[in-house]
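Chain residues, written in single-letter form:
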Amino acid sequence: MTIADDAARAGLHRVGGRPPLMAYLAQVWQRREFIVALAKFRLEAENGRNRLGMGWVVLKPLMNAGVYGLVFGFLLQTRRGIDDFIPFLVIGVMMFEYFSSCFTTGAKSITSNAALVQSLSFPRMSLPLALVGQRLIQFIPMLLIMLITVMAYGHYPSVQWLLLIPLTLLFTVFNTGLTMITARLTVHFRDLTQLLPFVARFFFYTSGIFFSVQQRFGADSIVRKIADVQPIHEFLTLGRAILLDGPDYTIPGEYWVYATIWSFAMLIVGVLYFWAAEERYGRTD
């Protein structure tokens with residue numbers, strides 16, 4: 001009879017031990033109010049010291065869209081052949097901003113909270129979930145900017161616009177799974193935080209944010225075939241197809257299927273991968 005057997009007979013559990021998956025997820029759900037409160041607090045703290053405060057939530061993506069539009073659209077002429085280039089660009093920049101902020105800052109959700117992780121007992125998954133919640137709150141005013149920009153260029157509301165709701169949910173599911181994966185990876189490999197911005201930049205230049213992949217490459221080209229199954233490009237294309245009218249913006253039905261598969265596959269892998277290392281978060285050895 002070992003000490004572990006004696007403890008099990010007495011109903012005792014090892015401190016910091018990893019609970020079974022379903023019990024772990026139940027603990028995360030019990031802390032949903034904490035996750036929401038943490039997301040709101042961090043959003044306020046991130047912008048509270050600036051004179052414009054929460055105004056930067058809107059101003060930063062607008063300024064990004066303005067800079068990219070000037071450099072790529074007008075100086076490099078990537079806007080040629082694209083109807084309504086400004087709404088095309090704004091939708092791409094706003095949606096990519098949501099992805100990249102989860103991808104890069106989410107990777108630090110455990111390592112940047114080492115003191116909290118080491119001092120309190122709670123499911124560590126709460127931290128990347130709070131980060132995604134924070135970025136989702138930031139994404140809501142970006143959606144409003146997208147709608148206003150689209151209407152300013154003569155695209156008026158329709159029932160089709162309601163598809164933005166399931167698209168945002170799918171995008172959030174995808175970002176959540178990806179954030180959990182990068183959050184664990186950076187615990188094991190701290191140098192990864194220096195590489196992730198370059199990975200995000202690669203996706204930025206290859207996802208068709210300021211140029212149309214469909215117009216630039218033929219349907220039979222390798223680039224086009226890769227883009228068709230690249231999740232970020234799929235989400236951007238669906239967002240534009242929902243909000244913009246015209247033959248160049250028809251909704252590709254297969255993209256909904258691909259995006260759904262990507263989202264839930266990423267979430268399942270992310271949950272399992274993050275949970276498997278629950279005991280290692282906060283360790284100093």
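Residues numbered from 1 in each chain as written. Predicted model: local features only at pLDDT ≥ 70, side-chain atom pairs only at ≥ 80, totals over all residues. Heavy atoms only, no water.

### Comments concerning the overall build of the chain
Helix and strand counts for the chain come out as 13 helices and 0 strands. Counted from the first residue to the last, the chain has its helices and strands arranged as α-α-α-α-α-α-α-α-α-α-α-α-α. Sequence separation of 24 or more characterises 78% of the internal contacts of the chain that already satisfy a separation of 6 or more. On the chain, roughly 15,200 Å² of surface is accessible, and the fraction owed to carbon and sulfur atoms is 65%. (Helix = DSSP H or I, 4+ residues; strand = E, 2+ residues; numbered from the N terminus. Contact = heavy atoms within 4.5 Å. Areas by Shrake-Rupley, 256 points an atom, 1.4 Å probe, with all protein chains shown as cover.)

### Considerations on the packing of aromatic side chains
In total, this model carries 13 aromatic pairs according to the counting rule given. For the pair F96 and F204, a centre-to-centre distance of 5.4 Å together with 65 degrees between the ring planes defines the contact as edge-to-face. Here F96 is found in helix α5 (residues 85-105), whereas its partner F204 is found in helix α9 (residues 192-206), with 108 residues between them in sequence. By relative accessible area, F96 is classed as buried at 6%. (Phe/Tyr/Trp six-rings, centres within 6.5 Å; stacked < 30°, edge-to-face > 60°. Buried < 20%, exposed > 50% of the residue type's maximum accessible area, 1.4 Å probe, protein only.)

### Section: the confidence of the model for the chain
For the chain, mean pLDDT is 82; residues scoring 70 or higher make up 84% of the total. Within the chain, helix α1 (residues 3-9) has the poorest average pLDDT of any element, 53, and helix α13 (residues 253-276) the best, 94. (pLDDT = per-residue confidence, 0-100.)

### So, the environment of L244
Here L244 shows up in the loop between α12 (231-243) and α13. Overall, L244 belongs to the buried group, its relative accessible area being 1%. Along the sequence, L244 and Q160 sit 84 residues apart, while their C-alpha atoms lie 10.0 Å from each other. Among residues more than four places away in sequence, those in contact with L244 are P87, F88, I91, V150, H155 and Y249.

### Looking at the packing of helix α8 (residues 164-188) against α12
For the pair α8 and α12, interaxial distance at closest approach is 10 Å and the crossing angle is 165 degrees. In terms of orientation, α8 and α12 fall into the roughly antiparallel class. Considering the relative orientation of α8 and α12, their crossing is left-handed. Seen from α8, the contacting residues are L164, L167, L170, F171 and F174; seen from α12, they are P231, I232, F235, L238, G239, I242 and L243. Grouping the amino acids of the contact of α8 with α12 by side-chain chemistry returns 11 nonpolar, 1 polar and no charged. (Axes fitted to C-alpha atoms, helices over the stretch in contact; angles between N-to-C directions. Parallel < 35°, antiparallel > 145°, perpendicular 65-115°, else oblique. Left-handed = near helix turned anticlockwise from the far one by under 90°. Nonpolar A, V, L, I, M, F, W, Y, C, P; charged D, E, K, R; others polar.)

### Here's the deal with the side chain of H233
In this fold, H233 is placed in helix α12. Residue H233 is classed as buried on the basis of its relative accessible area, which comes to 2%. When near neighbours in sequence (up to four residues on either side) are disregarded, H233 contacts S207, V213, Q214, A227, D228 and Y255.

### Looking at the packing of α5 against α8
The relative placement of two packed helices comes down to the angle between their axes together with the axis-to-axis distance. Relative to each other, α5 and α8 sit at 25 degrees, their axes nearing to 8 Å. What the angle tells us is that α5 and α8 run roughly parallel. α5 and α8 meet at a crossing whose hand is right-handed. Residue-level contacts link M95, Y98, F99, C102 and F103 of α5 to L167, F171, T172, F174, N175, L178, T179 and T182 of α8. Residues belonging to the contact of α5 with α8 are distributed by class as follows: 9 nonpolar, 4 polar and no charged.

### As for a nonpolar patch on the surface
Taken together, the side chains of V229, V257, Y258, I261 and W262 make up a nonpolar region of the molecular surface, amounting to roughly 440 Å² of accessible area. On the basis of relative accessible area, I261 is assigned to the exposed category, the value being 52%. (Patch = residues over 30% accessible without salt bridge, like charges linked within 9 Å, V, L, I, M, F, W, Y side chains within 5 Å. Salt bridge = Lys/Arg side-chain N within 4 Å of Asp/Glu carboxyl O.)

### Some words on α12
The end-to-end C-alpha distance of α12, which contains 13 residues, comes to 19 Å, matching closely the 18 Å that a straight helix rising 1.5 Å per residue would cover. Between the side-chain oxygen at the start of α12 and the backbone nitrogen of I232 there is a gap of 2.7 Å, and the oxygen is on Q230. (Expected span 1.5 Å × (residues − 1). Polar contact = N/O pair within 3.5 Å; in protein donor to acceptor, adjacent residues only side chain to side chain.)

### Brief notes about the environment of L129
Tracing the chain through its elements places L129 in helix α7 (residues 126-152). When residues no more than four places from it in sequence are discounted, the contact partners of L129 are V28, I35, T176 and M180.

### A closer look at the side chain of Q138
Along the polypeptide, Q138 turns up in helix α7. When its relative accessible area of 10% is taken as the criterion, Q138 is described as buried. A polar contact of 2.6 Å, which involves the side chain of Q138, links it to the side chain of R135.

### Focus on the environment of Q214
Mapping Q214 onto the fold places it in helix α10 (residues 213-216). With a relative accessible area of 31%, Q214 lands in the partly exposed category. For the pair Q214 and D228, spaced 14 residues apart in the sequence, the C-alpha separation amounts to 9.4 Å. With near-sequence residues (within four places) excluded, Q214 lies in contact with R224, H233, T237 and Y255.

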